[in-house]
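Coordinates in review
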There are 2 protein chains.
Amino acid sequence: MNMQEVARRAKVSTATISRVLNGSSKVKPSTFERVSRILNELNYVPNTSARTLRVGKSQLLGLIVSDINNPFFPELIDDFEARAREQGIDVVFTHTNYQSDRLEHCLRRLIERNVDGIAVCTSETNHAAFEFAARSRCPFVLTNQEGLRTPYNNIYVDHKSGALEAIQHLAKLGHRSIGFIAGPTSFGSTRSRREAFFEAMKTVRLKVRDEWVVEGDLHMESGHEAMEQLLRKTPRPTALLSTNDLMAFGALRAAHEHGIAVPEEFSIIGFDNLPICDMVTPPLSSVDIPRRQIASHAFRMLLKSGESRLERKLPTPTVKTALKLRASTAPPPKSGKHQR
Amino acid sequence: MNMQEVARRAKVSTATISRVLNGSSKVKPSTFERVSRILNELNYVPNTSARTLRVGKSQLLGLIVSDINNPFFPELIDDFEARAREQGIDVVFTHTNYQSDRLEHCLRRLIERNVDGIAVCTSETNHAAFEFAARSRCPFVLTNQEGLRTPYNNIYVDHKSGALEAIQHLAKLGHRSIGFIAGPTSFGSTRSRREAFFEAMKTVRLKVRDEWVVEGDLHMESGHEAMEQLLRKTPRPTALLSTNDLMAFGALRAAHEHGIAVPEEFSIIGFDNLPICDMVTPPLSSVDIPRRQIASHAFRMLLKSGESRLERKLPTPTVKTALKLRASTAPPPKSGKHQR
DNA sequence: CTGAAAGCGCTTACAG
DNA sequence: CTGAAAGCGCTTACAG
């Protein structure tokens, strides 16, 4: 059932069918009415590929994330897709599994599909891939890939605001000995969280002890192990900030296993503010990354750089992180080591 | 940069370009070689819309889920997408937010895109929508929507095997008083979990007390409330099965707040086996729904019903559920009510 | 092994 | 307000 067929049955040209389909105002109301009815009766479904080929726009956006199994992403995807749907735009979704070489492949595939724009929400980076995308003229936007000065459309996530809030909160509770579970240095976002921690400690005039900075791989297990390491130190910290929530959950588990009560004997703050923070015991305080805001910015930027066909870079929005307080922090125990 | 342009530069026809692109064997090796090189130099990206229009197949599959924020779905999406990628197929992803009227809209949009098939992984049902899809001739497969006898391609999830394992496990530990947190009756999957619970109880010859069956809305908060209701009963159960993990987490939280130790004083088993089960305290035992298996079946069935253009229904695979034991169950306290 | 040509199903500038 | 016709960028049956 194509337009030809409909046109024959309605005794009009395909041009008129097309006009009715697209709600053109220059169709005589009675014709419009009649064609609409026939369209419905025939259960006509237009062919988007033909339309895309003709018009050059697909009403499709691409969304690339690192890892759909990471609970950080669903809300971001949700928000992006909801905004797209409002505008009658579909979303092709793909993920790289943190492999930067897959990024180029993903971009290419999306560009072949004539997507109108691509949001790249990955931890890993691949400049060759970005250059390729730029050459193709397909609008794209990076989230938290780069600092403020990059040639590409970009959204900047300010990790400092949230890290400072977290450290200030701990300091105000009386903590002087604060550890950090760091992430791999290969990702921009984990690097900037590390820097944010150091800077915040400086701001509140607390000394960072190198042996209290332990590196994990972002998974829960490595947080568990990092916590065990921290607990073996003498002296040991009375609180910690973790690069992400998953590792903080591991730390929570380790504390529990060692009979250390959180928050009474040890305070923990995560990073990400995953929905699961409400489900663990105690509920985990965490620095929120405003994923929905990020998604909305990305969507708007793609829309804008698509419509205006403009080549120049759009202004880079900055989104702030902020501490979401739950129940995993308290004043430090009276005299750390001798407790119990 | 289209094929015309490449053809001119390579001094061959577009037919030859197309053959090289598609790896046809009937091209003279030297020509193949030369054209390939030029293709690379020119950074040519084929136009998939044109190809789809011409060939009638899009190398695109649609995937519809109810709710991406539900941690049940990411693994399913992951598996489906991974299999698609292996075959050079992209996935358009969309979700209904549990609104059955959105289902038809989603299907229509995917069909307009000429997707080669659609996997419908939703809780809600909409028969009008399925009929519409069937009329369109676009292959689609439902997961756990229907029983074994339906005109549509379908994957059957056997909740009984897992529920029985769970109840048998509790019975073997010595539990005689087992409650159930039910889900809404509007979803097929929650209905069949309820039936599976009743049947399992019958099998182990335990009586179900109506006042120990409490209904929730699948969210954590309602599990919390359900648990509080159960704890107020006299006599009260010593264990419970929950229709899903999220509500079981709520129950866990409620127990904790009321100073009831899980599993020493109360055993809890969930349904879904979400990755988060490992992150709560104590780790939650849960009936696993083999989502990756479901996704794989769905993918294979779409591939098959696409290639053979066959109209008849494919055989319905059955996937079994099974208990995944963690740490949230133990023998009941010696004398339930008088404990402590 | 290669090319000329038709045609997939739309939209739109143009003419009336 | 409506239609005839061109053309978007591919693939493929056909001819050579």
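Please refer to the structure higher up on the page.
These numbers come from a predicted model, not from an experiment. (Residues numbered from 1 in each chain as written. Chains lettered and ligands numbered in written order. Predicted model: local features only at pLDDT ≥ 70, side-chain atom pairs only at ≥ 80, totals over all residues.)

Side note on the packing of helix α1 (residues 3-10) of chain A against helix α2 (residues 14-21) of chain A
All names here are of chain A.
- Following both chains from N to C, one finds α1 and α2 inclined at 100 degrees, their axes separated by 8 Å at the closest point. Relative to α2, α1 is oriented roughly perpendicular. Side by side, α1 and α2 meet where Met-3, Gln-4, Val-6, Ala-7 and Ala-10 of the first sit next to Thr-14, Ile-17 and Ser-18 of the second.
- Considering only residue class, the contact of α1 with α2 consists of five nonpolar, three polar and no charged. (Axes fitted to C-alpha atoms, helices over the stretch in contact; angles between N-to-C directions. Helix = DSSP H or I, 4+ residues; strand = E, 2+ residues; numbered from the N terminus. Parallel < 35°, antiparallel > 145°, perpendicular 65-115°, else oblique. Contact = placed C-beta atoms within 7 Å. Nonpolar A, V, L, I, M, F, W, Y, C, P; charged D, E, K, R; others polar.)

Concerning the pairing of strand β8 (residues 239-242) of chain B
All names here are of chain B.
- Neither face of β8 is open: one carries Ala-239 and Leu-241, the other Leu-240 and Ser-242, and all of them are buried.
- For strand β6 (residues 178-182) and β8, the ladder comprises four bridges, and the chain directions are parallel. Residue pairing in the sheet places Ile-178 in a bridge with Ala-239 of β8.
- Sheet topology note: the β8/strand β9 (residues 267-272) ladder contains three bridges and is parallel. In the sheet register, Leu-241 faces β9, and the bridge partner there is Ile-269.
- Handedness of the crossover joining β8 and β9 through helix α11 (residues 245-257) is recorded here as right-handed. (Buried ≥ 20, exposed ≤ 12 C-beta atoms within 10 Å, placed from the backbone. Pairing = 2+ DSSP bridges. Right-handed = clockwise from strand over helix to strand, strands pointing away.)

A word on the protein's contact with DNA strand D
- Around DNA strand D, the surrounding shell holds 26 residues, and the nearest of these are Lys-28 of chain A together with Met-3, Ala-15, Ser-18 and Ala-50 of chain B.
- At the level of elements, α2 and α4 (48-55) of chain A together with α2 (14-21) and α4 (48-55) of chain B are the ones that each hand at least two residues to the surface near DNA strand D.
- Residues that form the surface near DNA strand D fall into these classes: eleven nonpolar, nine polar and six charged. (Near = placed C-beta within 6 Å.)

Describing the packing of helix α8 (residues 159-173) of chain B against helix α9 (residues 188-203) of chain B
Residues and elements named next belong to chain B.
- It is the contact of α8 with α9, at a shortest axis distance of 8 Å, that shows an interaxial angle of 45 degrees. Relative to α9, the element α8 is oriented oblique. Classified by chirality, the crossing of α9 by α8 is right-handed. Along the contact surface, α8 presents His-159, Lys-160, Ala-163, Leu-164 and Ile-167, while α9 presents Ser-192, Arg-193, Ala-196, Phe-197, Glu-199, Ala-200, Met-201 and Thr-203.
- Considering only residue class, the contact of α8 with α9 consists of seven nonpolar, three polar and three charged. (Left-handed = near helix turned anticlockwise from the far one by under 90°.)

Quick word on the nonpolar core
- One finds Ala-251 of chain A together with Ala-251 of chain B to be the most contacted residues of the largest nonpolar core, which totals 173 residues.
- Aside from chain neighbours lying at most four places away, what touches Ala-251 of chain A is Ile-181, Gly-223, His-224, Ala-226, Met-227, Leu-240, Ser-242 and Ile-268 of chain A. (Core = buried A, V, L, I, M, F, W, Y, C linked by C-beta atoms within 7 Å.)

Notes on the protein's contact with DNA strand C
- Of all residues adjacent to DNA strand C, which total 26 residues, the nearest are Met-3, Ala-15, Ser-18 and Ala-50 of chain A together with Lys-28 of chain B.
- Looking at the surface near DNA strand C, the elements with two or more residues in it are α2 and α4 of chain A together with α2 and α4 of chain B.
- Of the residues contributing to the surface near DNA strand C, the split by class is eleven nonpolar, nine polar and six charged.

Details of the relation of the copies chain A and chain B
- Between chain A and chain B, which share one sequence, the superposing operator has a rotation angle of 180 degrees and an axial displacement of 0.0 Å; the RMSD is 0.0 Å. Given the turn and translation reported, the copies of this chain are related as if by a two-fold rotation axis.
- Interface residue correspondence from chain A to chain B reaches 100%, placing this contact among same-surface, isologous pairings. (Least-squares fit on C-alpha atoms with pLDDT ≥ 70 in both.)

Structural notes on the sheet that holds β6 of chain B
Residues and elements named next belong to chain B.
- As summarised here, the arrangement of the six strands in space is β7-β6-β8-β9-β10-β12, forming an open sheet in which the pairing is mixed. Edge strands, defined here as strands with exactly one partner in the open sheet, are β7 (213-215) and β12 (322-324). Across this sheet, the average inter-strand angle for adjacent strands is 20 degrees, counted without regard to direction.

A look at the environment of Arg-34 of chain A
- Secondary-structure assignment places Arg-34 of chain A in helix α3 (residues 29-42).
- Sequence separation of Arg-34 of chain A and Lys-207 of chain A is 173 residues, and the distance between their C-alpha atoms is 78 Å.

Focus: the interface of chain A and chain B
- Contact with chain A, which involves 39 residues of that partner, is made by 39 residues of chain B.
- Put simply, the parts of the chain that give the side of chain A that touches chain B at least two residues each are α4, α5 (73-86), β2 (90-95), α6 (100-112), α7 (127-136) and α11 (245-257) of chain A.
- Examining the composition of the side of chain A that touches chain B, we find that six residues originate from one element, β2 of chain A, more than from any other.
- Per-class residue counts for the side of chain A that touches chain B are 17 nonpolar, 13 polar and nine charged.

Here's the deal with helix α9 (residues 188-203) of chain A
Residue and element names in this part refer to chain A.
- End to end, α9 covers 22 Å across 16 residues, agreeing with the expected 22 Å (1.5 Å per residue, within 8%).
- Turning to α9, its buried residues number three or more, namely Thr-190, Arg-193, Arg-194, Ala-196, Phe-197, Ala-200 and Met-201. Buried residues along α9 cover an arc of 160 degrees about the axis, so they all sit on one side.
- Looking at the buried residues of α9, the elements they touch are α8 (159-173), β6 (178-182), β8 (239-242) and β9 (267-272).
- Arg-205 lies just past α9 and shows a positive phi near 60 degrees. (Expected span 1.5 Å × (residues − 1). Arc of directions from axis to C-beta.)

These results come straight from atomic positions and should not be treated as a statement about function.
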